[in-house]
Amino acid sequence: FGMGTRAAIPRSPIDNSIGNNVSIGNFRDFDFLSRNARGAANAIAAFNAFSAAGLSAGSPARDARAKSFAFFTLGYALGNLALFYDSAAIIDAEVSQDNSIPDYSVASAVMTAALGDLDSAISIATSAAATTGTGGFPIPIEWLSQTTPMSRDDFVRLLRSYKAKFRAGVGRTPTERAAADWAAIIADATHGITSDFIIPTNATTGWSGVAGAPLSMSTPR
């Protein structure tokens, strides 16, 4: 499926010619991640309209958990698109609201958008609303296929680890990697997860495995 091609460090070119031997996997990941981005942006846009109408999912804490997780999903999708491919469409709530199809942007711009989405997820998760009322954090087991619910603090740590991973990995050349904001990368990694984050998979009783982004991560390379 070409997992090595898309995930190898140092990077190797992704063959986009018709009929190449990993074309199915290359297209699949691009397709699924783009769909995930659109779905998350649609959810954010719908929730914004829901809130604007004075409605709630039950409490400020429940609203904050849902919206923070949606921004995480959006940032995760765009961040991996920026890691794997040279360009992608930047999807956000505004794009979803008017149902437009944006032009492709270069990987660095897609990554900037992804990092902004993860920042939004962190900001919402650490807001006062996130602890106001019932039904908020932790993240339910089913949302991330965890063995135990994920606390708000651990969720924020996961977000910061993804920020470090994405920011450190987007550079395509030694010059680009040297120009990365390593102070920000180190700060996020330092305040990120402290052990491998693993999503258990079981095609019969739970989530099935995918050939996309790694399902375990620790401090970025």
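Here the structure is a predicted model, which means the values were calculated and not measured. Here the residue index of a chain counts from 1 through its sequence in written order. Selection of residues for local features in this predicted model requires a pLDDT of at least 70, selection of side-chain atom pairs for listing and counting requires 80 or more, and totals for whole chains, interfaces and linings are taken over all residues. Side-chain figures throughout are based on the complete set of non-hydrogen atoms in the structure, without hydrogens or water.

**Re the side chain of Ser-68**
This is how the line gets drawn: The way it works is that DSSP assigns letters per residue, a run of H or I at least four long becomes a helix, a run of E at least two long becomes a strand, and they are numbered from the N terminus. Pairs of N or O atoms within 3.5 Å make up the polar contacts considered here, provided that, within protein, one atom can donate a hydrogen while the other can accept it, and that residues adjacent in sequence are counted only when both atoms are side-chain atoms. Two residues form a contact once any of their heavy atoms are found within 4.5 Å.
In this fold, Ser-68 is placed in helix H3 (residues 60-84). At 2.7 Å, the side chain of Ser-68 forms a polar contact with the backbone oxygen of Ala-121. Beyond its immediate chain neighbours, meaning those up to four positions away, Ser-68 contacts Ala-121, Ile-124, Ala-125, Phe-137 and Phe-155.

**Remarks on unusual backbone geometry**
Glycine aside, residues mostly have negative phi angles, and peptide bonds mostly take the trans form. Following Phe-137, the chain continues to Pro-138 via a peptide bond in cis, the omega torsion being 15°. Assignment of secondary structure puts Pro-138 in the loop between helix H5 (107-125) and helix H6 (141-144).

**Regarding the nonpolar core**
Which entries qualify depends on this criterion: The nonpolar core is taken to be a set of buried Ala, Val, Leu, Ile, Met, Phe, Trp, Tyr and Cys residues, with the residues joined through side-chain atoms within 4.5 Å. Partly exposed residues are those whose accessible area sits between 20% and 50% of the maximum for their type, while under 20% is buried and over 50% is exposed, using a 1.4 Å probe and protein chains only.
Residues Phe-72, Met-111, Leu-144, Phe-155 and Leu-158 are the most contacted members of the largest nonpolar core, which totals 49 residues. Elements with a minimum of two residues in this core: helix H2 (23-52), H3, strand E1 (87-89), helix H4 (93-97), H5 and helix H7 (152-169). The element best represented in this core is H3, accounting for 12 residues. Not counting the four nearest positions on each side in its chain, Leu-158 is found in contact with Phe-72, Leu-144, Met-150, Ile-193 and Phe-197. Ranked by size, the runner-up nonpolar core spans 5 residues in total, among them Ala-164, Ala-168, Ile-185 and Ala-189.

**Observations regarding the packing of aromatic side chains**
Aromatic rings in a pair are described by how distant their centres are and how their planes are angled relative to each other. Stated precisely, the cut-off is as follows: Think of it this way: a Phe, Tyr or Trp ring, Trp meaning its six-membered ring, pairs with another when their centres are within 6.5 Å, and the plane angle makes it stacked under 30 degrees, edge-to-face over 60, tilted otherwise. Lysine and arginine charges are scored as sitting over a ring when NZ or CZ, respectively, is within 6 Å of the ring centre and within 35 degrees of the ring normal.
Taken as a whole and judged by the stated rule, the model has 13 aromatic pairs. Measuring from centroid to centroid gives 6.1 Å for Phe-84 and Tyr-85, while their planes differ by 75°, and the two rings are edge-to-face. Pair check on accessibility: Phe-84 and Tyr-85 agree, each one buried. Members of the aromatic cluster, connected to one another through ring pairs, are Phe-69, Phe-72, Tyr-76, Phe-137, Trp-143, Phe-155, Tyr-162 and Phe-166. Taking the ring centre of Phe-32 as reference, the NZ or CZ of Arg-28 above it sits at 4.0 Å.

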